[in-house]
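Residues per chain, in single letters:
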Amino acid sequence: MTDHNFAAITFAESSKAYEALSDLRQASAEGRIAVPSAVILEREPDGRLHVAEGDDAIIGAGAGTGGLVGMFVGILGGPLGILLGWGAGALVGSIADVKRADRSQTIIGDFSSRLPAGTTAIFAEVEEVTPEVLDGLAAAQGGTVLRRPAIEVLAELEAAEEAAKAADREASRVMREERRQERKEAWDERVARLKARFQRQS
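Residues numbered from 1 in each chain as written. Predicted model: local features only at pLDDT ≥ 70, side-chain atom pairs only at ≥ 80, totals over all residues. Heavy atoms only, no water.

A few points about the packing of aromatic side chains
Overall, the coordinates contain six aromatic pairs when judged by the stated rule. When the centroid spacing of 6.0 Å and the interplanar angle of 80° are considered together, the rings of Phe72 and Phe111 count as edge-to-face. Here Phe111 lies in helix H5 (residues 107-113) and Phe72 lies in helix H2 (residues 67-77), a separation of 39 residues in the sequence. Both residues of the pair, Phe72 and Phe111, count as buried. (Phe/Tyr/Trp six-rings, centres within 6.5 Å; stacked < 30°, edge-to-face > 60°. Helix = DSSP H or I, 4+ residues; strand = E, 2+ residues; numbered from the N terminus. Buried < 20%, exposed > 50% of the residue type's maximum accessible area, 1.4 Å probe, protein only.)

Let's talk about the pattern of salt bridges
Under the counting rule described, the total for this entry stands at seven salt bridges. A salt bridge links Asp135 to Arg147; its shortest N-O distance comes to 3.1 Å. With Asp135 in helix H6 (residues 132-140) and Arg147 in strand S6 (residues 143-149), this residue pair connects regions lying 12 residues apart in the sequence. For Asp135, a relative accessible area of 31% corresponds to the partly exposed category. With relative accessibility at 21%, the residue Arg147 sits in the partly exposed group. (Salt bridge = Lys/Arg side-chain N within 4 Å of Asp/Glu carboxyl O.)

Re the packing of helix H1 (residues 16-29) against H6
Taken N-terminus to C-terminus, the directions of H1 and H6 make an angle of 150°; their axes are 9 Å apart at the nearest point. Considering their axes alone, H1 and H6 lie roughly antiparallel with respect to each other. The handedness of the crossing between H1 and H6 comes out as right-handed. Between H1 and H6, the residues in contact are Asp23, Leu24 and Ala27 and Val133, Leu134 and Leu137, respectively. Here the residues of the contact of H1 with H6 sort into five nonpolar, no polar and one charged. (Axes fitted to C-alpha atoms, helices over the stretch in contact; angles between N-to-C directions. Parallel < 35°, antiparallel > 145°, perpendicular 65-115°, else oblique. Left-handed = near helix turned anticlockwise from the far one by under 90°. Contact = heavy atoms within 4.5 Å. Nonpolar A, V, L, I, M, F, W, Y, C, P; charged D, E, K, R; others polar.)

Focus on the environment of Asn5
Within the element layout of this structure, Asn5 appears in strand S1 (residues 3-11). Taking the C-alpha atoms as reference points, Asn5 and Glu125, separated by 120 residues in sequence, lie 5.9 Å from one another. Within the structure, the side chain of Asn5 is placed 2.8 Å from the side chain of Glu128, a separation counted as a polar contact. (Polar contact = N/O pair within 3.5 Å; in protein donor to acceptor, adjacent residues only side chain to side chain.)

Comments concerning a negative patch on the surface
Judged by side-chain charge, Glu178, Glu182, Glu185 and Glu189 come together as a negatively charged surface patch. Here Glu185 shows up in helix H7 (residues 150-201). Residue class for Glu185 comes out partly exposed when judged on its relative accessible area of 40%. (Patch = residues over 30% accessible without salt bridge, like charges linked within 9 Å, V, L, I, M, F, W, Y side chains within 5 Å. Areas by Shrake-Rupley, 256 points an atom, 1.4 Å probe, with all protein chains shown as cover. Lys, Arg positive; Asp, Glu negative; His and termini not counted. Charge placed at Lys NZ, Arg CZ, Asp CG, Glu CD.)

So, the confidence of the model for the chain
Taken as a whole, the chain shows an average pLDDT of 79; of its residues, 82% reach a score of 70 or greater. The secondary-structure element of the chain with the lowest mean pLDDT is helix H4 (residues 93-98), recorded at 36, while H6 shows the highest, at 96. Confidence drops under pLDDT 50 across residues 82-104; counting only partners more than four residues distant or on other chains, this segment forms 39 contacts. (pLDDT = per-residue confidence, 0-100.)

Here you go:
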């Protein structure tokens, strides 16, 4: 029986991520593990998240835009990730104060916490007959593995995507209301000025 998982492999030395990804690519070619997609992610000291450059930093087309890894990167590095503290590591704005999330209670937050500022890690979608293959590859480079069932990660990513859409709709509503109020205030000011002018002339 094969387990379909989403995994994060973290290292004490960021350079080891590239060696481990090469080992993972070799293990996949040998049929010891299936890797639909994998990517090396880097967190800048200021908290920004990005995919490492170069062909040696990616396995599978789904790591870039589509697939589970692509969805994860999109959510984690996007506005919602920043809002919920997954991205830059800091909650921002009044909306965040209202909708503060406990990162420890989310799968995405748990994975994100494995990639603090200034570090590098591998995030991968894998199909495993046994966990020993991935665990062994990681251990050989001084890494540790966090894995969760892919279906659970997918469900949370879908929920996060819906939350992002809802937040965007709410933000649009607030902006429309603010513009409407600004137009009303501008109208009232213009009317008041015109009235004052007529009063002075009369």
